[in-house]
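So the chains spell out like this:
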Amino acid sequence: GPSPIMVFFHGGAWKGSNKECRAFPALTVCPRGAIWISVEYPLAPDACLETQTESAQQAIAWIAQNAQSFGGDGFVSVEVDPGLAHDGAGTEVAARELRLRVARPHLMVKIPGTEAGLPAIRQMIAEGRNVNVTLIFSLERYAEVIEAYLSGLEDQARSPGANIASVNSVASFFISRVDSEVDARLSSTGGDMAGRLVGKAAIAQAHLAYELFVSK
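The structure contained in this document is the topic of the report that follows. Just so it is clear, the model here is predicted, and its values are computed rather than measured.

If you trace the 6 strands from one edge of the open sheet to the other, you get β2-β1-β3-β4-β5-β6, paired in parallel fashion. Among the strands making up the open sheet, the edge pair consists of β2 (35–39) and β6 (169–173). Geometrically, the sheet is characterised by an average inter-axis angle of 25 degrees between neighbouring strands, direction not taken into account. With 6 bridges connecting them, strand β1 (residues 3–9) and strand β3 (residues 72–79) associate as parallel partners. Within the sheet, the bridge partner assigned to Ser-3 lies in β3 and is Gly-72. Running over the sheet, helix α5 (residues 139–157) touches β5 (131–136) and β6 and is turned about 170 degrees from β6.

Turning our attention to unusual backbone geometry. Here Ala-44 and Pro-45 are connected by a cis peptide whose omega angle stands at 5 degrees. Within the secondary structure layout, Pro-45 lies in the loop between β2 and α2 (49–66). Of note in the backbone geometry, Leu-135 takes a positive phi value of approximately 60 degrees without being a glycine. With respect to the helices, strands and loops of the structure, Leu-135 is situated in strand β5.

Applying the stated criterion across every chain yields a total of 1 cavity of 30 Å³ or more. The computed volume of the largest cavity comes to approximately 30 Å³. Every residue lining the largest cavity is listed: Phe-9, His-10, Trp-14, Tyr-41, Val-78 and Glu-79. Across the lining of the largest cavity, the residue classes break down as 4 nonpolar, 1 polar and 1 charged.

Quick look at the pairing of strand β4 (residues 107–112) now. Counting buried residues in β4 gives 6 out of 6 residues, a clear majority hidden from the surface. Residues Leu-107, Val-109 and Ile-111 of β4 are buried on one face, and the alternating residues Met-108, Lys-110 and Pro-112, pointing to the opposite face, are buried as well. Pairing geometry for β3 and β4, over 4 bridges, is parallel. Within β4, the position partnered with Glu-79 by the bridge is Lys-110. The pairing of β4 with β5 spans 4 bridges and is parallel. Residue pairing across strands places Val-109 opposite Val-131, the latter belonging to β5. Of the crossover connections in this fold, the one passing from β4 over helix α4 (residues 118–126) to the parallel β5 is right-handed.

About the criteria used
- Residues numbered from 1 in each chain as written.
- Predicted model: local features only at pLDDT ≥ 70, side-chain atom pairs only at ≥ 80, totals over all residues.
- Heavy atoms only, no water.
- Pairing = 2+ DSSP bridges.
- Helix = DSSP H or I, 4+ residues; strand = E, 2+ residues; numbered from the N terminus.
- Axes fitted to C-alpha atoms, helices over the stretch in contact; angles between N-to-C directions.
- Contact = heavy atoms within 4.5 Å.
- 1 Å grid on protein atoms, 1.4 Å probe; cavity = no way out; pocket = protein on both sides within 12 Å on 5 of 7 lines; lining within 4 Å.
- Points joined across faces, edges and corners; volume = space filled by probe spheres on them.
- Nonpolar A, V, L, I, M, F, W, Y, C, P; charged D, E, K, R; others polar.
- Buried < 20%, exposed > 50% of the residue type's maximum accessible area, 1.4 Å probe, protein only.
- Right-handed = clockwise from strand over helix to strand, strands pointing away.

These figures capture arrangement, not role.
This is the structure:
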């Protein structure tokens, strides 16, 4: 079958960074049969949000039209304004607007996994929209994200003609940042025991997160 395509629009709150900074995951995913595409887009303040979303739309359209030529298929994640991370109502409006602007079936709207973002996640899933929940750092929040996702599916299932199989989602667990923070604290603590624990937090958290995923 076709290889999964991972298309990444780099972070930076729409005003910083570049695609080269986010090319490193290709070293991990490509040897495993996936296709990694890192997309550049115009940055603020030189470009407004409308111009940026048009750029994203053009990129997604090109990938969708040419995916078969390089043997791939998949989804594209584009984030809402990070400044809305603690504004649930604003996030919901922005996610819906972004989905309408891009208007491509392969779009996943990235919504921060904050407490304020949970209702927006549920609502977007209930409306049958693809969601990539980002900025998840704890197992407790991951559990809440799972519940928001499942509740959204249940809400959608009650709608006439609903097809929950058409809804796709991703939960992005930032275990590397947890690892960096824990390792820094272990290094400042010092000692043999702390030294033996360096580099272990992310793997342990990943195991626990997977157990939680399976249990749901």
